[in-house]
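An overview of the molecular structure
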Amino acid sequence: MAEASSLLKPSRRSRLRVMFSGFMGIVAAAAAIIACGALLAVLVYLAINGLSALNLSIFTEGPVPQGQPGGGLRNGIIGTLILMSVASVIGLPIGILGGVYQLETNTRFSRMLRFLTDVMNSIPSVVMGIFAYLIVVLPVAAMSPGHAFSAFAGGVALGFLMIPTVMRTTEEILKLVPVALRDASLALGAPQWRTTWSVILPAARGGIITGILLALARISGETAPLLFTAFGNLDFNVRLDRPIDALPLNIFNYATSPYDNLHHLALAGAIILLAIILVLSIAARYALKGQNVE
Amino acid sequence: MNSQSIAIDSPIVERARSWTRGKHAGDRIYRAVLTLAAVSILLIIIGLIYELTAGSSASISAFGIRFFTDSEWNPSANHFGALPFILGTLYSSLWALVLALPISIFTAIFLSEMAPRWLERPMSFMIELLAAIPSVVYGLWGLFILQPWLVKNVETPISKSPLASLPIFGDLANGYDMLAASMILAIMILPYITAVSRDILHAIPKSVREASYALGATKWETIKGVVLPYARAGIIGGVMLGFGRALGETMAVTMMIGNAPIFKLDLFKSGYTLASVIANELAEASGLYRSALIEIGLCLFIITLIVNAGAKLLIYYTAKDINATT
Amino acid sequence: MTQLRKHVFAAFIIMFAVSAFITPRTFAQDMNGAGSTFIAPIMSKWVYDYKQKTGTSINYQGVGSGAGINNLIDGTIDFAGSDAPMNADQKSRAKGPVIHLPAVIGPVAVSYNIEGIGSGLGFSGPILADIFLGKIKYWDDPQIVARNPGKKLPHEQIFVVHRSDGSGTTAIFTDYLSKVSPEWNSKVGHGTTVPWPEGLGGKGSAGVAAILKEHANSIGYVEFAYANENKLPYAAMDNGKGKYVYPSAETAMEAAQSSTIPEDLCTMITNAPKGYPISGMSWIIVYQKSAKSPELKKFLKYVLTTGQKDTKDLWYASIPKNIVSREMKLIDEIE
């Protein structure tokens, strides 16, 4: 380290050292600019080209025969909303109740469970898709010929993907609820379930909603697990036992197709998807702020 | 998460105490429901491992260990070897790491050590946004923008220069190749590595830095000599986390890599990854073919599991060390 | 903030309610099909028109012939579209006897993207095989130049583009290469998916066409409709007798007519004595016993009658009348 004298009188060496420090500062700033630049490059491109590709018919029309002009993303947008709903029905109860379980217990099992949700969070989504394919698509195919791929299978894959996020945020937020609140409720003679339901969960509501919204934002753009579960559908479908279209599948198929009108649809789809994610993320932040006010 | 305004009171620390105490009938149901949720998470994980293993048993018994060393993937002849996919996955992810690492570490240093607060917040927010963009949207951008740019400004000049004789470059600019896949992966894992590194750096107590300044060290000397060594294990953890992400990324890679089941060191050659081959072929497979693809899924699962577990441990112990010294 | 959270809650409840409400509503009995992308352009037209006409909705996904056949074997779809007949192994794994119904005939175009060169580059089968084997590496290879005097072929490396998914188009193409090149036959063989020695893979014909369109100095194979719709130049193939034949509805029809069609209507018509040598039939494959037989029969009959009128617009050839009548009999036997 530096000698005392160099602190009093800047020598040539120490000036160099300061210059070098400044230089590395510039390097670091440049790296940060590159990182943000990459994001801007993606967003600006999508904003300019995606927004100009947007029009009303994209929301009202379904796909047209290949190679013909026009067409819209209605089926994909509605399909994605349905898939997200099914995923919520499957993933939210398990995730939220799992989080409450973690709050209530501190056993070896619950510690293992915490580790397992970490494991689950790191499973590539395509592998979760295989799981849904194995437990839903194949058995359905074996039982009823003519059916296999379904909106339900896609929802299962996405629902499982939601669990870790929802569970961990729920647990974290519940931990922050003051213990006095809970003790007060129990002291008044309320049973535990009542305490959780009427005192702890309401106090943590904002945080739990944040977790849900973040999990939804994460799954809304998932594509890989849908390829062999929800599968895609050229027809308009809202039935859960039928293959269903999804916005990310549309983006994938249209972006890799040779047709210009489909490229425009892919760009419009990307903008719509990003808008959904942005709204969910911003809503998640507001939900958390609401939490703080209470 | 901003916790100061919530936890005025002491948070629930000792939680186990009342779990079994409630005698109310409703409480029994309550406990049963919670346990059911907890057990179902366990069942999902066990089920996943069981199904993947059972699904790949036909392939495992047909090819055994050869599955991982054989480089021929021939569904028509029912002959399956996963080597090109394994190598392709590791190779593209490694290059992604090489490309993303310097930028993300320096960005993290900039955000935590140098940037003024008014700049740090929006920049952090932007980098977090990078993580929220879906893979398929990156793929679309990669196809329409990054790939033509790479071909024109990187691959063509290199392929016409003496550099082309290096084993990692070729004399043919392609675009649907390892380089394109690694680049898009690098952009995708950048926010993860940056966020983890920044959080670790933030966690290092101010006093450590002040001690270094007091000894006359410059800002950079403090970062390099004191802060980074402190954070090293945690940053390595973050890097591994990013690596784990890259290994499992599917859509963007599938759209960029060229989907050719041949592994070459040449970055301008098309390749294939474990995740991509599943995405491209599972919906259409049956019999032994399907089993082989599921074994590829199992393989991907195990690799990401090991990498992520390692990362989590490193981050956990670093955080613990830092807490212990403060 | 409380307001906002109420809205979020309300939004959720509405989402659930809507999906719960619309889910159980019954729709017209619909059918699922999947497979060949070769047939996908015309299939999407048939499906579209059929829905307008009858209200019956049919979902057809162009996922590749290999996928279609496998889905049919697994019982996940009601009919498969395939450019290659099912082989013995596939038939044995199926849940019952199947019938193959030729739906269209069409050429597989060899398309390329070389600056300044339009359609009509001449190839022979063996040259094509050598390109896809990676043995001919440059566009100005003497063998190619010798067949194309006067064309300015650049000294650029050839990019080979093939399908990454199981595909009947691949089956037709590799069946042809196996017939004309012994080396191809022994090294690579034929089928819906083969171990490509060279090149990169695109998903579906659309994926291959997209790569060809954008990638200079590339070569690949796509069904003719994709080459036309995307204005990709395509090659004229030496039919083995020194005569160059362009892909077209007529030349594909000629290839079909000069081949002998067996009783079960399963045969490859590549390297036929006359016509365009890389032509194929595309079949709709169904189980002889189908859970949805009445609707399925109606649709199949539509395809073979009214539907055949659409072939011309989409660059396919229609099925010759004598074959259609044989198919009608088979359709009547579906239970």
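Residues numbered from 1 in each chain as written. Chains lettered and ligands numbered in written order. Predicted model: local features only at pLDDT ≥ 70, side-chain atom pairs only at ≥ 80, totals over all residues. Heavy atoms only, no water.

Points about the overall build of chain A
Going by this rule: The way it works is that DSSP assigns letters per residue, a run of H or I at least four long becomes a helix, a run of E at least two long becomes a strand, and they are numbered from the N terminus. The reference for a compact globule is 2.2 Å times residues^0.38; the radius of gyration itself is calculated from the C-alpha atoms. Exposed residues in this analysis have more than 50% of their type's maximum accessible area, buried residues have under 20%, and partly exposed residues fall in between, with area computed by a 1.4 Å probe over protein chains only.
The helix and strand inventory of chain A stands at 12 helices and 0 strands. Its C-alpha radius of gyration of 25 Å places chain A more than 25% over the 19 Å reference for a compact globule of 294 residues. Judged by the C-alpha coordinates and their principal axes, chain A covers about 85 × 65 × 35 Å. Across the 294 residues in chain A, those meeting the buried criterion constitute 63%.

Brief notes about the sheet that holds strand S5 (residues 122-123) of chain C
So the rule is basically this: Two strands make a pair as long as DSSP finds a minimum of two bridges between them.
A sheet is described by the order of its strands in space; here 3 strands give the open sequence S5-S9-S10 (chain C), paired in mixed fashion. The open sheet has two edge strands, S5 and strand S10 (244-245) of chain C, and neither has a second partner.

Some thoughts on the interface of chain B and chain A
One frequent convention defines the size of an interface as the accessible area lost when the parts assemble. Put simply, the rule reads: Only heavy atoms enter the contact rule, under which two residues are in contact if any of them lie within 4.5 Å. A quick way to say it: buried area is the sum, across both parts, of accessible area lost when two parts are put together, with a 1.4 Å probe. The salt bridge criterion pairs a side-chain nitrogen of Lys or Arg with a carboxyl oxygen of Asp or Glu, the two atoms within 4 Å. Whenever a nitrogen or oxygen atom comes within 3.5 Å of another N or O atom, the pair is scored as a polar contact, on the condition that within protein one atom can donate a hydrogen and the other can accept it, and that pairs from neighbouring residues in sequence are kept only if both atoms are in side chains.
Chain B puts 89 residues into the contact, and the matching count from chain A is 100 residues. For the chain B and chain A pair, buried surface summed over both sides reaches about 8,400 Å², with 78% attributable to carbon and sulfur atoms. Scanning the region where chain B abuts chain A turns up 2 salt bridges. Two residues, Glu-221 of chain B and Arg-17 of chain A, come together in a salt bridge whose shortest N-O distance is 2.6 Å. Across the contact surface, chain B and chain A share 10 residue pairs in polar contact (both at pLDDT 80 or more).

So, the environment of Trp-315 of chain C
Residue and element names in this part refer to chain C. Turning to its location among the elements, Trp-315 is positioned in the loop between helix H12 (293-304) and helix H13 (321-332). Taking the C-alpha atoms as reference points, Trp-315 and Ile-105, 210 residues apart in sequence, are found 9.5 Å from one another. Setting aside anything within four residues of it in sequence, one finds Trp-315 in contact with Pro-107, Phe-224, Ala-225 and Asn-228.

Quick word on the packing of helix H7 (residues 151-175) of chain A against helix H10 (residues 205-220) of chain A
Residues and elements named next belong to chain A. Heads up, the rule is: To define axes, lines are fitted to C-alpha atoms, for helices over the stretch in contact only, and angles between the resulting N-to-C directions are given on a 0 to 180 degree scale. In what follows, roughly perpendicular refers to angles from 65 to 115 degrees, roughly parallel to angles under 35, roughly antiparallel to angles over 145, and oblique to any angle outside these ranges. Here is the rule for handedness: rotate from the far helix to the near one, and if that takes an anticlockwise turn smaller than a right angle the crossing is left-handed, while a clockwise turn gives right-handed.
Across the interface, H7 lies against H10 with an axial gap of 8 Å and an inter-helix angle of 155 degrees. Comparing their axes, H10 and H7 come out roughly antiparallel. Regarding H7 and H10, the two cross each other, and that crossing is right-handed. Between H7, through Leu-158, Leu-161, Met-162, Thr-165, Val-166, Thr-169, Thr-170, Ile-173 and Leu-174, and H10, the contact on the second element is made entirely by Gly-207, Ile-208, Gly-211, Ile-212, Ala-215, Leu-216, Arg-218 and Ile-219.

A word on unusual backbone geometry
If you check the backbone angles, Asn-259 of chain B has positive phi at about 50 degrees while not being a glycine. Note that Asn-259 of chain B resides in the loop between helix H8 (251-256) and helix H9 (274-281). The phi torsion at Lys-231 of chain C lies on the positive side, around 55 degrees, for a residue other than glycine. By the secondary structure assignment, Lys-231 of chain C is in the loop between helix H10 (224-229) and strand S9 (236-238).

Description of helix H11 (residues 247-255) of chain A
With 8 of its 9 residues buried, H11 of chain A lies for the most part within the structure. Every buried residue of H11 of chain A is accounted for by Leu-247, Pro-248, Leu-249, Asn-250, Ile-251, Phe-252, Tyr-254 and Ala-255 of chain A.

With respect to the domain arrangement of chain B
Residues and elements named next belong to chain B. Here is the rule we go by: Note that domain bounds follow an automatic or database assignment of domains.
Partitioning chain B into domains gives domain 1 (2-55) and domain 2 (59-325). Look at where the C-alpha atoms of domain 1 and domain 2 centre, and you get two points 34 Å apart. On the domain 2 side, the residues contacting the 5 residues of domain 1 number 4 residues. Where domain 1 abuts domain 2, roughly 480 Å² becomes buried across the two surfaces, and 79% of that area is made up of carbon and sulfur atoms.

Quick look at the domain arrangement of chain A
Residue and element names in this part refer to chain A. Convention followed: Nonpolar residues are Ala, Val, Leu, Ile, Met, Phe, Trp, Tyr, Cys and Pro. Charged residues are Asp, Glu, Lys and Arg, and all others, Gly as well, are polar.
In terms of domains, chain A is made up of domain 1 (11-52) and domain 2 (75-288). One C-alpha centre belongs to domain 1, the other to domain 2, and the line joining them spans 35 Å. Listed as interface residues are 7 residues of domain 1 and, on the opposing side, 5 residues of domain 2. Regarding the contact of domain 1 and domain 2, the summed buried area is about 460 Å², with carbon and sulfur atoms giving 85% of it. If you sort the residues of domain 1 by the area they bury against domain 2, Leu-46, Asn-49 and Gly-50 come out on top, with a joint share of 69%. At the junction of domain 1 with domain 2, the criterion picks out 0 salt bridges. Scanning the region where domain 1 abuts domain 2 turns up 0 residue pairs in polar contact (both at pLDDT 80 or more). Tallied by class, the residues present in the side of domain 1 that touches domain 2 amount to 5 nonpolar, 2 polar and no charged.

What about the side chain of Arg-242 of chain A?
With respect to the helices, strands and loops of the structure, Arg-242 of chain A is situated in the loop between H10 and H11. Here the side chain of Arg-242 of chain A touches Asp-241 of chain A through a polar contact of 3.5 Å, side chain to side chain.

Focus on the interface of chain C and chain B
Chain C puts 30 residues into the contact, and the matching count from chain B is 26 residues. Between chain C and chain B the total buried area reaches about 2,000 Å² when both faces are included, carbon and sulfur atoms providing 44% of it. The interface formed by chain C and chain B holds 0 salt bridges in total. In terms of residues, the side of chain C that touches chain B owes the most to one element, helix H3 (residues 65-74) of chain C, which gives 5 residues. Taken together, the residues of the side of chain C that touches chain B break down into 10 nonpolar, 14 polar and 6 charged.

Examining the pattern of salt bridges
Within the structure shown, the criterion is met by 24 salt bridges over all chains. Between Arg-114 of chain A and Glu-171 of chain A there is a salt bridge, with the nearest N and O atoms lying 2.8 Å from each other. Here Arg-114 of chain A, found in helix H5 (residues 108-122), pairs with Glu-171 of chain A, found in helix H7; they are 57 residues apart in sequence, far enough to count as distant. What makes Glu-171 of chain A buried here is its relative accessible area of 0%. Residues Glu-183 of chain C and Lys-187 of chain C are paired through a salt bridge, measuring 2.8 Å at the closest nitrogen-oxygen approach. Taken as a pair, Glu-183 of chain C and Lys-187 of chain C lie in helix H8 (residues 182-187) at a separation of 4 residues, close to a single helical turn.

Points about the nonpolar core
Selection criterion: In this description, a nonpolar core means a group of buried Ala, Val, Leu, Ile, Met, Phe, Trp, Tyr and Cys residues linked to one another through side-chain atoms lying within 4.5 Å.
Phe-123, Leu-128, Phe-132 and Ile-219 of chain C are the most contacted members of the largest nonpolar core, which has 311 residues in total. For this core, the leading source of residues is helix H12 (residues 260-293) of chain A, giving 17 residues. Those residues within four positions of Phe-123 of chain C in sequence are excluded, and the remaining contacts are Tyr-112, Leu-128, Ile-131, Trp-139, Ile-144, Arg-147, Ile-219, Ala-235, Ala-236, Met-237, Asp-238 and Tyr-244 of chain C.

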